[in-house]
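What follows is each chain in one-letter form.
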Amino acid sequence: MKRLTLIAVLAVVLAANRTSSTDLRAGAPDEPLSLWYRQPAAQWVEALPIGNGRLAAMVFGGVARERLQLNEDTLWAGGPYDPANPAALEALPVVRQMIFDRKFREAHALVADQMMGKPVRQMPFQPLGDLLLTFPDAGAVERYRRDLNLDTAIARVTYASAGVTYTREIFSSPIDQVIAIRLSADRPRHVTVSVGMTTPQHAHVAIEGADTIVMRGANAEAQGIKGALTFQARARVIAERGSTIVHGADVAVRDADAVTVLLAAATSYRSYKDVSGDPEATTKRQVAAASRKSFTTLRVTIDLGASGTSGPTDERIRMFATRHDPQLAALYFQFGRYLLISSSRPGSQPATLQGDWNDQMKPPWESKYTININTEMNYWPAESANLSELVEPLTSLVMDLTESGARTAKVQYGARGWVAHHNTDLWRASAPVDGPASGMWPMGGAWLCQTLWEHYQYTQDKDYLARVYPALKGASEFFLDTLVEEPTHKWLVTSPSLSPENRHPFGNTTLVAGPAMDTEILRDLFANTIRAGEILDKDPELRDRLTVTHARLAPDHVGKAGQLQEWLDDWDLQAPDLHHRHVSHLYALYPSDQITVRGTPALAAAARKSLEMRGDEATGWGLGWRLNLWARLLDAEHAYTILARLLSPDRTYPNMFGAHPPFQIDGNFGGTAGIVEMLLQSHGGEIALLPAVPKAWPTGAVTGLRARGGFEVDLAWNDGRLTSAAVRALTTNSRTRVRYDTVSRDVTIAKGHTYRW
């Protein structure tokens, strides 16, 4: 993977609050793009995350005891399994007729009995355990500070005690695949520490040699699926001078100049259908290779730019609603990018509901891949915030699903192609789960295909398009085989389905035929498959059939309140929850571009009405979606209101993790993408500069954002007006339209050249 350098920085000048040298409190770190605190973490959502895409930790920063809560991204419960339910195929036509007959309650009961996956829940992502560092000589401290430098990706703890300044530096190396910890002091022979490991898993911890702790174990069973993985964590303790001794299963060092701890971890997971890996050989190799390097050479430098800072991060979050602090939004933006870099890299698993960070054996929603919004939202900033290579793990997951989902399509629907419902996991399960109200939604795979198409849109990489074309084709074929004719208007619709997790007024259920979101996703899927086939010169007969089917999909409807209808019938005002967290029917506005202010003003007005009806109160990720939607409506001030709500203490934890609550990382990624949408939009063949910049950001600059069509964009503005813009063509000789406010210009930019506004 190439070195990730400066990608984007929202620069807003603020005076930095510095602490005087006579103050016993710590001052701000030198790197302004840092999260920092004057006390250790008291709870998990105060600890600081590090990760290399695969191996992650939460760093607590305790004085007498440091805790690193550990995750390895393939340590999930269970093993290879197939939840497809053969009984579903016989029940399918009966359920469809029940829905058309408006026997919704009966349809719900039959789906629950005959069409859900077996088991009805999926496997959870689980913790590896804890690495514990105990400091027996710890006393009273002053000038305590812990911070996370987003530039270097190093978590650091510093404090003074008895005239000695102690420093801890911790990071997860993507090159060497280890977590490295450096303990040092500004006076020789003052580092004393005991190192050990604990775990909630079925495992045994032992000492190997004189300086290495090894934890060997097996993963857990869940939902009747037996654990099939073995795992190992290996920590080597390297002292510079001093004495090293073994106490039980701990390694203790006394009176050293410095201590380095190298931790590797692995499981036997090779793929969703192969668990034959050798974690012992892997961890031995990784620790041995890392041991030959110094701590400094183990680090990968990431230059994310510079800007101002102020007080501790937790204080700034508490005060954001009442204090003008635009730099906190810039820090939040860069932290979102940092989280994606740390939880999704080529060769790793995709970011889960909690990224790579989870401390519970039974986490909320299993910390898996919820693909009716949350996983897609995780990757919204990947392209526009110039982290395109981080989409690779999600691409690999989708290509796996084309295999496992093909069996689900055949067994449960008698269809070609492949399907995934509203969740999947490490084992690429694709059947409906969790019950009819959320699980009987066959659009998860189709929406994931939109993420793959977006990657092509931004990169113009035809080799990538050829690789993922079978996913687009297979998803399209599934719906060609399963769409049914709606009896009144003869539109082709999905059935059974639902508007994600939102009950309609009848039968205390979500089940319907043809909700608006399904149709909107299918428009994109069919159009993208047709266009991909044209680019690659493939499947002309399929393209013709998709064109005909596309024309028979139901249109968007405006309801009696002027809103964009969520269902085929005008039920919106009768729905039990008028302020539901999901805004599924607004997919057409964002992330799609089927509805735009300039292109479809009547539908844009209806979408605005729907947003107003839903309200501004939502979960963390619900606010992230609303932020992007208001930016697409070009309403800068309302977008900023949503961002301020997202950055409030009940939607952002002290460590800047997004709060559903509980913690879900998609709120962070939705917020990061939304900040981009306020500064730059690119859809419909047009690049819009500063489309929704609020009054709270009168002056600033951003460099390195990406636009569809293979462009990179730099912007600067002053007093709310654009002062300069540079648009670079990265991939091909490209023609586009560039817009600022009411002025638009058609330009052609040669590859490697820049157009300046």
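What counts, and where the lines are drawn
- Residues numbered from 1 in each chain as written.
- Predicted model: local features only at pLDDT ≥ 70, side-chain atom pairs only at ≥ 80, totals over all residues.
- Heavy atoms only, no water.
- Phe/Tyr/Trp six-rings, centres within 6.5 Å; stacked < 30°, edge-to-face > 60°.
- Helix = DSSP H or I, 4+ residues; strand = E, 2+ residues; numbered from the N terminus.
- Buried < 20%, exposed > 50% of the residue type's maximum accessible area, 1.4 Å probe, protein only.
- Lys NZ or Arg CZ within 6 Å of the ring centre and 35° of its normal.
- Polar contact = N/O pair within 3.5 Å; in protein donor to acceptor, adjacent residues only side chain to side chain.
- Contact = heavy atoms within 4.5 Å.
- Salt bridge = Lys/Arg side-chain N within 4 Å of Asp/Glu carboxyl O.
- Pairing = 2+ DSSP bridges.
- Axes fitted to C-alpha atoms, helices over the stretch in contact; angles between N-to-C directions.
- Expected span 1.5 Å × (residues − 1).
- Core = buried A, V, L, I, M, F, W, Y, C linked by side-chain atoms within 4.5 Å.
- Parallel < 35°, antiparallel > 145°, perpendicular 65-115°, else oblique.
- Left-handed = near helix turned anticlockwise from the far one by under 90°.
- Nonpolar A, V, L, I, M, F, W, Y, C, P; charged D, E, K, R; others polar.

## Examining the packing of aromatic side chains
Scanning all chains against the criterion turns up 21 aromatic pairs. Where tyrosine 144 meets tyrosine 159, the ring centres are 6.3 Å apart and the plane angle is 15°; that geometry is what we call stacked. Taken together, the residues tyrosine 144 in strand E6 (residues 142-149) and tyrosine 159 in strand E7 (residues 154-161) connect sequence positions 15 residues apart. Taking relative accessible area as the criterion, tyrosine 144 reaches 6% and is therefore assigned buried. Relative to tryptophan 625, the ring of tryptophan 447 lies with its centre 6.2 Å away and its plane at 45°, an arrangement referred to as tilted. Taken together, the residues tryptophan 447 in helix H11 (residues 444-459) and tryptophan 625 in helix H16 (residues 620-632) connect sequence positions 178 residues apart. Here tryptophan 447 matches tryptophan 625 in class, with each residue buried. Cation over ring: arginine 146 sits above tyrosine 37, and NZ or CZ is 4.5 Å from the ring centre. The side chain of arginine 745 reaches across the aromatic face of tryptophan 757, ending 3.8 Å from its centre.

## A word on the side chain of aspartate 211
As for its placement among the helices and strands, aspartate 211 is situated in the loop between strand E11 (202-208) and strand E12 (212-218). Separated by 3.1 Å, the side chains of aspartate 211 and arginine 236 make a polar contact. Residues within four places of aspartate 211 in sequence aside, it is in contact with Ala235, Arg236, Val237 and Val251.

## Overview of the pattern of salt bridges
Under the criterion given, the structure shown has 46 salt bridges. Residues arginine 523 and aspartate 556 are paired through a salt bridge, measuring 3.3 Å at the closest nitrogen-oxygen approach. Of this pair, arginine 523 sits in helix H13 (residues 516-536) while aspartate 556 sits in the loop between helix H14 (540-551) and helix H15 (601-614); the two residues are 33 residues apart in sequence, bridging distant segments of the chain. A relative accessible area of 22% places aspartate 556 in the partly exposed class. Linked through salt bridges whose partners overlap, the residues forming this network are Glu208, Arg216, Arg234, Glu280 and Lys284.

## Some details on the sheet that holds strand E28 (residues 734-740)
Read across the sheet, 4 strands follow the order E23-E24-E28-E29 without closing on themselves; strand pairing throughout is mixed. Each having just a single partner strand, strand E23 (680-683) and strand E29 (743-749) make up the two edges of the open sheet. Across this sheet, the average inter-strand angle for adjacent strands is 20°, counted without regard to direction. The sheet contacts of helix H18 (residues 666-679) involve E23 and strand E24 (686-689), and relative to E23 the element is tilted by about 85°.

## With respect to the sheet that holds strand E5 (residues 129-134)
With antiparallel pairing, the 7 strands of this open sheet are ordered in space as E2-E3-E4-E5-E10-E15-E14. Lying at the two open borders of the sheet, with one neighbouring strand each, are strand E2 (48-51) and strand E14 (243-247). If you compare each strand with its neighbour and ignore which way they point, the axes differ by 20° on average. For strand E10 (residues 191-198) and strand E15 (residues 250-256), the ladder comprises 4 bridges, and the chain directions are antiparallel. Bridge assignment links serine 194 to a residue of E15, and that residue is alanine 252.

## Here's the deal with H13
With 21 residues, H13 extends 30 Å between its outermost C-alpha atoms, agreeing within 8% with the 30 Å of an ideal straight helix rising 1.5 Å per residue. Of all 21 residues in H13, 17 are buried; the element is thus mostly enclosed. Aspartate 537 sits one or two positions beyond H13 and adopts a positive phi of about 55°.

## Examining the nonpolar core
By size, the foremost hydrophobic cluster in this structure holds 218 residues, and its most contacted members are Leu131, Ile179, Trp625, Leu689 and Trp697. Ignoring sequence-local partners within four residues, the contact set of isoleucine 179 consists of Ile50, Leu55, Ala56, Ala57, Leu68, Leu70, Ile170, Phe171, Ser172, Val261, Leu262 and Leu263. Counting 9 residues, the second-largest nonpolar core is a separate cluster that includes Phe171, Val178, Leu262 and Val287.

## Points about the packing of H16 against helix H17 (residues 636-646)
At their nearest, the axes of H16 and H17 sit 8 Å apart, and the two run at 165° to each other. As summarised for this structure, H16 and H17 are arranged roughly antiparallel, according to the angle between their axes. The handedness of the crossing between H16 and H17 comes out as left-handed. Along its contact with H16, which presents Gly620, Leu623, Gly624, Arg626, Leu627, Trp630 and Ala631, the element H17 presents His638, Ala639, Ile642, Leu643, Arg645 and Leu646. Residue composition of the contact of H16 with H17, grouped by class: 8 nonpolar, 3 polar and 2 charged.

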